[in-house]
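Single-letter residue listing:
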Amino acid sequence: MSTDVSARRQFASDNYAGICPEAFAAMAEANRGHEVSYGNDSWTQKASDLIREVFETRCEVFFVFNGTSANSLSVASLCQSYHSILCHELAHIESAECGAPEFFANGSKVLLLPGEHGKVDAQAIERAVHRRNDIHYPKPQVLSLTQATELGTLYSLDELRAATDAARRCHLRVQMDGARFANAVAALGVAPKELTWKAGVDVLCFGGSKNGIALGEAVVFFDTELAREFDYRCKQGGQLASKMRFLSAPWVGMLQDGAWLRYASHSNAMARALESALRPLPGVEIVHPVQTNTVFARLPDPVVQGMYARGWKFYTHVGAAGEARLMTSWDTTRQDVDAFAADLAELAGAGVAKGKR
């Protein structure tokens, strides 16, 4: 076994990683003395202003506990109960929110769209909207896009604009699930505004927990009219933290000197290193383009079981059958990558040799 199991970093999820130093230090600083509660504190104000600086625009910012609440409450704010929400068939709001978007939207229906590598096909948007227009069909109202996608891929600027243009032609609002938005910005090398409000996004769920923050996401409304009474929606949904500064302070630590992008760039780089190490191995197939901090690989089942037996953790239920999802994190090291790849290479080589006997 290549590394001590109890101490090793894993590749199952970037949620496995701890709190980065900048976020932890900001939380510690926020813990000094007293602050006003329920979001009226100086930390929440500073974090909101920093987000406005990052996106270079006036916007309304709300901090919630997790991605499920961010996605669910944001799409609910754009819908009536008789509306529908369009998203990719692998989108988190469809596959991993336990029906929360429909629950908080009072029954709005989620309609699924196809598209290669986790990205919505722009033409599919218009087909879904124009499929029916009678009163018996839930009226399409919102397009939800995921950037980076559930498969770790990215919408290019042109692809993003094609999707949002189609949405506008169909009179849809656009919500973006940005659980790994930092990884997308770092990979594409463009200003955050180019991937959001300038591209036609109305509201972004800006993820922090997968990039070094303990917990908490930011819901950012670029169309500020849509944020009307969203604070009431947060309260009713159990997302108004009494000690809000402990949700918002880590954002100050991450944003004030660019740590959010440094860590995202690092985790992206570790995924590329992992891809390079795995691609030549016998019986291993890289399934999707590696553009952020995610590698999807098709592995022989004996290799998967062998890696599990050696103490490695990764998911095989996120993509298609037979695919392993390998996630790198803000704290993944090259040594972690090398140790994982060495074990996998040993098992893959043994499997090929056994098959030849």
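You'll find the structure just up there.
Everything numeric here is computed off the predicted structure, so don't read it as measured data. All residue numbers refer to positions counted from 1 along the written sequence of the respective chain. Selection of residues for local features in this predicted model requires a pLDDT of at least 70, selection of side-chain atom pairs for listing and counting requires 80 or more, and totals for whole chains, interfaces and linings are taken over all residues. To obtain the side-chain values, all non-hydrogen atoms of the structure were used and water was disregarded.

Before going further, it helps to spend a moment on the overall build of the chain. Tallying secondary structure elements over the chain gives 13 helices and 10 strands in all. A globule of 357 residues ought to have a C-alpha radius of gyration of about 21 Å, and the chain, at 21 Å, matches this closely. When the backbone C-alpha atoms are referred to their principal axes, the chain occupies close to 65 × 60 × 35 Å. The buried share of the chain, taken over its 357 residues, is 54%. For this analysis, residues touch if any pair of their heavy atoms sits within 4.5 Å. For the chain, restricting intrachain contacts to residue pairs at least 6 apart in sequence, the fraction spanning at least 24 positions comes to 77%. When the accessible surface of the chain is totalled, it reaches about 15600 Å², and 50% of it is carbon and sulfur. Residues counted as positive are Lys and Arg, residues counted as negative are Asp and Glu, and His and the chain ends are not counted. One atom stands in for each charge, and that atom is NZ of Lys, CZ of Arg, CG of Asp or CD of Glu. Computed over 36 positive and 40 negative side-chain charges, the inter-centroid distance for the chain is 2 Å. Numbered from the N terminus, helices here are DSSP runs of H or I no shorter than four residues, and strands are runs of E no shorter than two. Based on C-alpha atoms, the radius of gyration is set beside the globule rule, defined as 2.2 Å times the residue count to the power 0.38. Under the scheme applied here, a residue whose accessible area is under 20% of the maximum for its type counts as buried, over 50% as exposed, and between as partly exposed, the area being computed with a 1.4 Å probe on protein chains only. Surface accessibility follows the Shrake-Rupley procedure with a 1.4 Å probe radius. Residue values consider only the protein chains on display as shielding.

What follows covers unusual backbone geometry. The peptide bond linking Gln147 to Ala148 adopts the cis configuration, its omega dihedral lying at 0 degrees. Secondary-structure assignment places Ala148 in the loop between β4 (139–146) and α7 (157–169). Phi is positive for Glu56, close to 55 degrees, though the residue is something other than glycine. For Glu56, the location among the structural elements is in the loop between α2 (42–55) and β1 (60–64). Unusually for a residue other than glycine, Cys98 sits at a positive phi of about 55 degrees. Given the relative accessible area of 83%, Cys98 is considered exposed.

Next up on the list: the packing of helix α10 (residues 245–255) against helix α11 (residues 259–278). Helix axes are fitted only over the stretch in contact, all axes being lines through C-alpha atoms; the angle between N-to-C directions runs from 0 to 180 degrees. Where α10 contacts α11, the axes come no closer than 6 Å and their chain directions differ by 75 degrees. One element, α10, and the other, α11, form an angle in the roughly perpendicular class. Residues Gly253, Met254 and Leu255 of α10 touch α11, and the partners they reach there are Ala259, Trp260 and Tyr263. Should an angle lie under 35 degrees it is considered roughly parallel, over 145 roughly antiparallel, and from 65 to 115 roughly perpendicular; all remaining angles are considered oblique.

As for its placement among the helices and strands, Arg325 is situated in strand β10 (residues 323–327). In this structure, Arg325 is buried with no salt-bridge partner, the nearest side chain bearing the opposite charge being Glu150 at 5.3 Å. Sequence-distant contacts of Arg325, that is, excluding residues within four places in its chain, are made with Phe11, Ala12, Ser13, Arg180, Thr294, Val295, Phe296, Phe314, Tyr315 and Val318. Should a side-chain nitrogen of Lys or Arg be within 4 Å of a carboxyl oxygen of Asp or Glu, the pair is scored as a salt bridge.

In this section: the packing of aromatic side chains. A pair of aromatic rings is counted whenever rings of Phe, Tyr or Trp (Trp by its six-membered ring) have centres within 6.5 Å, and the orientation is called stacked for planes under 30 degrees apart, edge-to-face for over 60 and tilted otherwise. Counting across every chain of the model gives 17 aromatic pairs. Ring geometry for Phe103 and Phe104: centres 5.1 Å apart, planes at 90 degrees, overall edge-to-face. A relative accessible area of 27% means that Phe104 is categorised as partly exposed. With a centroid separation of 6.0 Å and 80 degrees between ring planes, the pair formed by Phe314 and Phe340 is classed as edge-to-face. Placement of Phe314 in the loop between α12 (301–309) and β10 and of Phe340 in helix α13 (residues 334–356) is noted, with a sequence separation of 26 residues between them. Taken together, the ring pairs connect Phe55, Phe63, Phe181, Phe206, Phe222, Trp251 and Trp260 into an aromatic cluster. For a Lys NZ or an Arg CZ to count as sitting over a ring, it must be within 6 Å of the ring centre and within 35 degrees of the ring normal. One residue, Arg8, lies across the ring of Trp312, its end atom 3.7 Å from the ring centre.

Let's shift gears to the pattern of salt bridges. One pass over the full model with this rule turns up 22 salt bridges. Measuring nitrogen to oxygen at the nearest pair gives 3.1 Å for the salt bridge that ties Asp343 to Arg310. Pair noted here: Asp343 is in helix α13 and Arg310 is in the loop between α12 and β10, with a separation of 33 residues, a long-range link. Classification of Asp343 as buried rests on a relative accessible area of 3%. The exposure class of Arg310 is buried, given its relative accessible area of 17%. Several salt bridges share partner residues, and in doing so they unite Arg168, Arg173, Asp202 and Asp223 into one network.

Looking at the element boundaries, Ser144 is found in strand β4. Sequence separation of Ser144 and Leu299 is 155 residues, and the distance between their C-alpha atoms is 31 Å. Excluding residues within four positions of it along the chain, Ser144 makes contact with Ile85, Leu86, Cys87, His88, Ile93 and Gln175.

On to the sheet that holds strand β9 (residues 294–298). The sheet built from 3 strands is open, its strands ordered β8-β9-β10 with antiparallel pairing. Strands with a single pairing partner mark the edges of an open sheet, and in this sheet they are β8 (285–286) and β10. For two strands to pair, DSSP has to find at least two bridges joining them. Across 5 bridges, the pairing between β9 and β10 is antiparallel. Among the inter-strand pairings, Ala297 is bridged to a residue of β10, identified as Ala324. Along the sheet, α11 contacts β8, β9 and β10; its crossing angle with β9, the most-contacted strand, is approximately 20 degrees.

A separate point is the environment of Thr224. By the secondary structure assignment, Thr224 is in the loop between β7 (217–221) and α9 (230–236). Sequence-wise, Thr224 and Glu60 are 164 residues apart; in three dimensions their C-alpha atoms are separated by 5.9 Å. Filtering out sequence-adjacent residues up to four positions away, Thr224 remains in contact with Arg58, Cys59 and Glu60.

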